[in-house]
Amino acid sequence: MNKKAIIFTIDALVAFSIFIAVIVAVYSLLTPDPQVSVQDSTIYMNSENFLRASDKAENLSQAFEQLQLNNIPQAEAIVQEMLGELPYPAEMRLNVYDGGNLVNSLTVNEHDFETSIVVRKFLVLTLTENLGILPAPWMNINIQSSQAPASVPLSVIVMANQEEGLPQQGTVVTNIYSSGGQLEGWPIILWNYPTPEFLFTTQGESKTFEYNVILPPDAVIGEYNISASVSGPTYNQFAYKSFNVIRYGIAELEVGTS
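Conventions adopted
- Residues numbered from 1 in each chain as written.
- Predicted model: local features only at pLDDT ≥ 70, side-chain atom pairs only at ≥ 80, totals over all residues.
- Heavy atoms only, no water.
- Helix = DSSP H or I, 4+ residues; strand = E, 2+ residues; numbered from the N terminus.
- Buried < 20%, exposed > 50% of the residue type's maximum accessible area, 1.4 Å probe, protein only.
- Areas by Shrake-Rupley, 256 points an atom, 1.4 Å probe, with all protein chains shown as cover.
- Expected span 1.5 Å × (residues − 1).
- Arc of directions from axis to C-beta.
- Pairing = 2+ DSSP bridges.
- Axes fitted to C-alpha atoms, helices over the stretch in contact; angles between N-to-C directions.
- Parallel < 35°, antiparallel > 145°, perpendicular 65-115°, else oblique.
- Left-handed = near helix turned anticlockwise from the far one by under 90°.
- Contact = heavy atoms within 4.5 Å.
- Nonpolar A, V, L, I, M, F, W, Y, C, P; charged D, E, K, R; others polar.
- Phe/Tyr/Trp six-rings, centres within 6.5 Å; stacked < 30°, edge-to-face > 60°.

(A) Representation of the overall build of the chain. The helix and strand inventory of the chain stands at four helices and 14 strands. Across the 258 residues that make up the chain, the buried fraction comes to 40%. Roughly 14,100 Å² of accessible area belongs to the chain as shown, and the carbon and sulfur atoms make up 54% of that amount.

This is the structure we're talking about:
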């Protein structure tokens, strides 16, 4: 029993030594000085937790949204307020992937630190505004979130109205709205049928209309609604479903250590 305890203790010490060595090596890469102090380690961990919390609270996404809307002072104010929560002098850089290239979109509180650490976090920039889903009895909408610019698949399934006689006919119309209810003029292209009209001659029939939604390059991140309406002699249905426009980026937080 004692022998096993000693072996376990030695293994634990070896594992802990390796862990400390790896941590020191990582931190040494992040600072000009290879000597890593306990203070540097604490600053790094606190800064990493700060970035994670800011991303989870969608602060970074809100800042980028303001950049896309050309509200640069508001974007800077959001980041400045975030940095004010840190007990250390810090600079933040918001970089976004644009056309396959990483582009610096915003630098706030620029410093010329003598010694510093840099904490980076990969970002999926999006805003959740809880737009929800409105179903309809004889219709189903399927769409996925995507990065702009992109062609996003959209399916609208229309089913025969079980409460009405035959034949049944109607027309499908689709639109996209922002979270504030503004109609977006993004192209929605029907590709599997020549027209959005349908005709059902038997009960249980359904027809799936496949579209491509074209997200423009300047599509602002956030949540949107895709709506579909079906009108006809036996139809007056309306439904919508939410989806997100996202962007990818990297947040860099540089914190002074001297």
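Once you've had a look at it, read on.
(B) Examining helix H2 (residues 38–56) more closely. Here H2 is 19 residues long and its end C-alpha atoms lie 27 Å apart, about the 27 Å a rise of 1.5 Å per residue gives. Turning to H2, its buried residues number three or more, namely Asp40, Ile43, Tyr44, Ser47, Phe50, Leu51, Ser54 and Asp55. Projected onto a plane normal to the axis of H2, the buried residues spread over an arc of 130° and lie on a single side. Exposed side chains of H2 directed beyond 90 degrees from the buried face belong to Val38 and Lys56. Backbone geometry just after H2 places Glu58 at a positive phi near 65°.

(C) Representation of the sheet that holds strand E10 (residues 188–190). Judged by pairing direction, the sheet is antiparallel, and its four strands sit side by side in the order E5-E7-E12-E10 without closing on themselves. Both outer strands of the open sheet, strand E5 (139–143) and E10, are each paired with one neighbouring strand and no more. Across the sheet, the axes of successive neighbouring strands diverge by a mean angle of 25°, strand direction being ignored. In the sheet, strand E7 (residues 150–159) pairs with strand E12 (residues 206–215) via ten bridges, with the strands oriented antiparallel. Bridge assignment links Val156 to a residue of E12, and that residue is Phe209.

(D) Layout of the packing of helix H3 (residues 59–68) against helix H4 (residues 72–83). The N-to-C vectors of H3 and H4 enclose an angle of 160°; their axes lie 7 Å apart at closest approach. By the angle class used here, H3 and H4 are roughly antiparallel. Seen along the crossing, H3 lies across H4 with a hand that is left-handed. On H4, the residues touching Asn59, Leu60, Gln62, Ala63, Gln66 and Leu67 of H3 are Ile72, Gln74, Ala75, Ile78, Val79 and Met82. Its residues assigned to classes, the contact of H3 with H4 comprises eight nonpolar, four polar and no charged.

(E) Representation of the pairing of strand E13 (residues 222–232) within the structure. Among the eleven residues that make up E13, eight are buried, leaving the element largely enclosed by the rest of the structure. In this structure, strand E8 (residues 168–177) lies alongside E13, joined through seven bridges in antiparallel fashion. Pairing of Val173 across the sheet is with Ser229, part of E13. Bridging between E13 and strand E14 (residues 235–256) involves eleven bridges; their strand directions are antiparallel. Bridge pairing in E14 places Tyr224 opposite Phe243.

(F) Layout of the packing of aromatic side chains. Summed over all chains, the structure comprises seven aromatic pairs. Each member of the aromatic cluster is reached from another via a ring pair, and the members are Trp186, Tyr224 and Phe243.

(G) Summary view of the pairing of strand E2 (residues 101–108). Bridge count between strand E1 (residues 90–98) and E2: seven bridges; the pairing is antiparallel. Within the sheet, the bridge partner assigned to Met92 lies in E2 and is Val108.

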